[in-house]
Amino acid sequence: QTYPASNIAPPQVSRKQLMGYVGFANLPNQVHRRSVRKGFQFTVMVVGESGLGKSTLVNTLFATPLYPAKELPPPSAEPAKTVSIESISADIEESDVRLRLTVVDTPGFGDYVNNDSSWKPILDNIEARFDAYLDQENRVNRSKMVDNRVHACLYFIQPTGHTLKPIDIEFMRRLHTRVNLIPIIAKADTMTDEEVTQFKARVLADIRYHNIQIFQAPTYEKEDEETLAENEEIASRIPFAVVGSTTIIKTPDGRTVRGRAYPWGVIEVDNEEHCDFVKLRQMLIRTNMEELREHTNLFLYENWRTDKLIAMGVEQDQSVFKEVNPAAKQAEERAMHEAKLSKMEAEMKMVFAQKVMEKEAKLKQSEEELYARHREMKDALDKQRMELEDKKRRLESGRPLTPEKSNTRKKGFLRT
Ligand code: GDP
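Residues numbered from 1 in each chain as written. Predicted model: local features only at pLDDT ≥ 70, side-chain atom pairs only at ≥ 80, totals over all residues.

Where an unreviewed UniProt entry is consulted, the chain appears under the name Cell division control/GTP binding protein, with the organism given as Calocera viscosa. If you open the UniProt record of the chain and go to Sequence similarities (unreviewed entry), you find "Belongs to the TRAFAC class TrmE-Era-EngA-EngB-Septin-like GTPase superfamily. Septin GTPase family." (UniProt positions renumbered as here; feature names shortened; annotations may be inferred.)

Here's what the structure looks like:
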């Protein structure tokens with residue numbers, strides 16, 4: 001194992017047998033008790049055209065009349081111009097576990113003549129919630145953090161039996177990196193089993209084609225076999241074809257169920273053979289609620305946070321990182337030292353080359369001076385030798401020694 005460079009030496013780890021009961025086996029129970037005491041926060045967003053059964057499904061899911069019966073606008077009412085965001089919170093309790101449930105509704109989505117930017121206010125709202133969480137993280141006192149981030153987004157697809165509509169694709173494409181998308185085929189009781197199967201295949205093909213990431217229950221972790229099988233079963237039902245109803249009705253065989261009664265029979269909400277409602281609830285609440293929260297925190301929020309901080313200034317972020325990371329700091333110091341050394345070496349080489357050049361120039365100059373002196377001396381010697389030879393010749397021929405005298409005599413001789 002490698003440790004970051006620091007002054008703290010890594011501890012020596014060895015395996016030891018316990019001689020008796022110590023008590024740390026109770027640690028998971030301590031965590032469990034603390035979580036129960038603190039309670040949980042979960043925020044789910046519902047998106048889809050009005051009338052697709054969003055409020056009915058939420059009320060069915062949490063077995064609570066979270067949404068009061070809707071008052072529909074009169075036919076003369078002016079339609080709203082934009083998507084609005086409304087949230088309802090409720091504290092619910094089951095076997096002493098408290099859950100602060102928040103449902104974020106998006107009335108108006110897809111209800112206008114032009115729905116081009118229906119996704120925008122929803123994305124803004126999701127990011128504003130991330131912003132609020134980041135603000136809390138930056139506070140001095142972080143003991144009371146409120147997590148209002150959207151942990152799951154139930155996207156309601158109209159049961160057309162065709163393919164996804166452009167508005168569905170646009171919404172999912174824009175939002176899939178910011179929220180856990182859970183696609184849902186609304187009012188599945190309006191289609192036959194065969195139509196549901198075919199529609200699911202087309203929706204999945206569209207999702208794959210457009211590279212949209214929808215939330216997947218983990219099927220890779222070292223979970224127990226039962227959970228793995230459950231997750232695989234859940235994954236096979238996506239997109240969930242659901243039916244919502246809070247009405248209790250009596251079946252022909254005398255059972256009381258939540259369902260919808262039709263002249264030809266009863267469709268049961270909680271019957272896995274009738275629709276995927278149970279599987280959706282299992283994923284959203286029983287098996288993967290923590291997974292959804294964790295994925296939001298560790299992946300979606302973290303990515304948004306990185307994007308935001310980079311947009312605020314990379315330089316600052318990098319210097320903070322170096323400050324915090326001793327290995328990076330040491331590497332930077334080493335690089336600076338090496339750069340300094342090579343600069344010194346280059347300077348020394350330059351000085352040396354200059355000195356050599358100067359010396360060479362000096363040597364050349366003294367060589368030339370030497371040559372000049374040598375030539376001078378040689379010329380003088382040559383001259384001297386010539387004079388001596390001349391003298392010798394004259395002595396031998398018996399002529400007077402000084403050429404001046406002989407010249408005078410010559411002149412006199414010529415005059416006479
Ligand atoms: P919202 O506008 O999306 O919140 O839709 P509502 O929950 O108000 O439901 C609109 C209408 O659809 C109501 O009359 C519901 O009774 C009905 N509805 C809700 N869920 C279903 C369903 O699963 N199947 C069918 N057939 N009708 C449903």
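J.: What am I meant to see in the pairing of strand E5 (residues 181-185) here?
T.: Each regular strand carries side chains that alternate between the two faces of the sheet. With 5 of its 5 residues buried, E5 lies for the most part within the structure. Bridge analysis of strand E4 (residues 152-157) against E5 gives 5 bridges, and the strand direction is parallel. Pairing of Cys153 across the sheet is with Leu181, part of E5. In this fold, E4 hands off to helix H4 (residues 166-175), which returns the chain to E5; that crossover is right-handed. Sheet topology note: the E5/strand E6 (residues 240-241) ladder contains 2 bridges and is parallel. From the neighbouring strand, Ile184 faces E6, where its bridge partner is Phe240. (Buried ≥ 20, exposed ≤ 12 C-beta atoms within 10 Å, placed from the backbone. Helix = DSSP H or I, 4+ residues; strand = E, 2+ residues; numbered from the N terminus. Pairing = 2+ DSSP bridges. Right-handed = clockwise from strand over helix to strand, strands pointing away.)

J.: Got a minute to help me understand the domain arrangement of the chain in this structure?
T.: The extent of an interface is frequently quoted as the accessible surface area lost upon association of the parts. When cut into domains, the chain gives domain 1 (26-70 + 80-312) and domain 2 (328-401). For domain 1 versus domain 2, the separation of C-alpha centres amounts to 92 Å. (Domains from an automatic or database assignment.)

J.: Sorry if this is basic, but what is going on with the sheet that holds E4 here?
T.: To summarise the sheet geometry, strands pair through backbone hydrogen bonds and adopt either a parallel or an antiparallel arrangement. Spatial ordering of the open sheet is given by E2-E3-E1-E4-E5-E6, a layout of 6 strands whose pairing is mixed. Sheet topology places strand E2 (86-94) and E6 at the edges, where each strand pairs with a single neighbour.

J.: Is there a simple way to think about unusual backbone geometry in this case?
T.: Residues other than glycine predominantly adopt negative phi, and peptide bonds predominantly adopt the trans conformation. The residue after Ile238, namely Pro239, is reached through a cis peptide bond having omega -5°. Among the structural elements, Pro239 can be located in the loop between helix H6 (225-236) and E6. Although it is not a glycine, Lys187 sits at a positive phi angle of roughly 45°. Positive phi is not limited to glycine here, since Asn211 has a value of about 55°.

J.: Can you walk me through H6 in this structure?
T.: The α-helix advances 3.6 residues per turn, and as a result positions three or four apart in sequence lie on the same side. Across its 12 residues, H6 extends 17 Å between first and last C-alpha, which sits within 8% of the 16 Å expected from 1.5 Å per residue. For H6, the full list of buried residues reads Glu230, Asn231 and Ile234. Buried positions in H6, seen along its axis, are confined to an arc of 100° and lie on one side of it. Of the residues in H6, the exposed ones pointing more than 90 degrees away from the buried face are Glu225, Ala229, Glu232 and Ser236. The inward-facing, buried residues of H6 abut helix H7 (277-287). (Expected span 1.5 Å × (residues − 1). Arc of directions from axis to C-beta. Contact = placed C-beta atoms within 7 Å.)

J.: Just checking my understanding: could you explain the nonpolar core for this structure?
T.: In globular proteins that are soluble, nonpolar side chains generally tend to be buried together. Counting 59 residues, the largest nonpolar core has Cys153, Tyr155, Ile184, Ile185 and Val242 as its most contacted members. If one sorts the elements of this core by residue count, E4 sits on top with 6 residues. Tyr155 has contacts with Val47, Gly48, Phe171, Met172, Leu181, Ile182, Pro183 and Ile184, leaving out every residue within four places of it along the chain. (Core = buried A, V, L, I, M, F, W, Y, C linked by C-beta atoms within 7 Å.)

J.: Whenever I open this one, the pairing of strand E3 (residues 97-105) confuses me. Can you help?
T.: Bridge analysis of strand E1 (residues 40-47) against E3 gives 7 bridges, and the strand direction is parallel. By the bridge assignment for E3, Val44 is matched with Val103. Pairing analysis gives 9 bridges linking E2 to E3, with the strands arranged antiparallel. Each residue of the ladder has a partner; that of Glu86, found in E3, is Asp105.

J.: Even after reading the chapter, I still don't get helix H3 (residues 119-137), so can you show me in this structure?
T.: Taking 1.5 Å per residue, 19 residues should reach 27 Å; H3 reaches 27 Å between its end C-alpha atoms and fits that length. Inspection of H3 places Trp119, Ile122, Ile126, Arg129, Phe130 and Tyr133 among the buried residues, and these make up the whole buried set. What you see down the axis of H3 is that its buried residues fit within an arc of 100°, all on one side. Turned more than 90 degrees away from the buried face of H3, the exposed residues are Lys120, Asp124, Ala128 and Asp135. In this structure, the buried side of H3 is in contact with E1, H4 and helix H8 (289-312).

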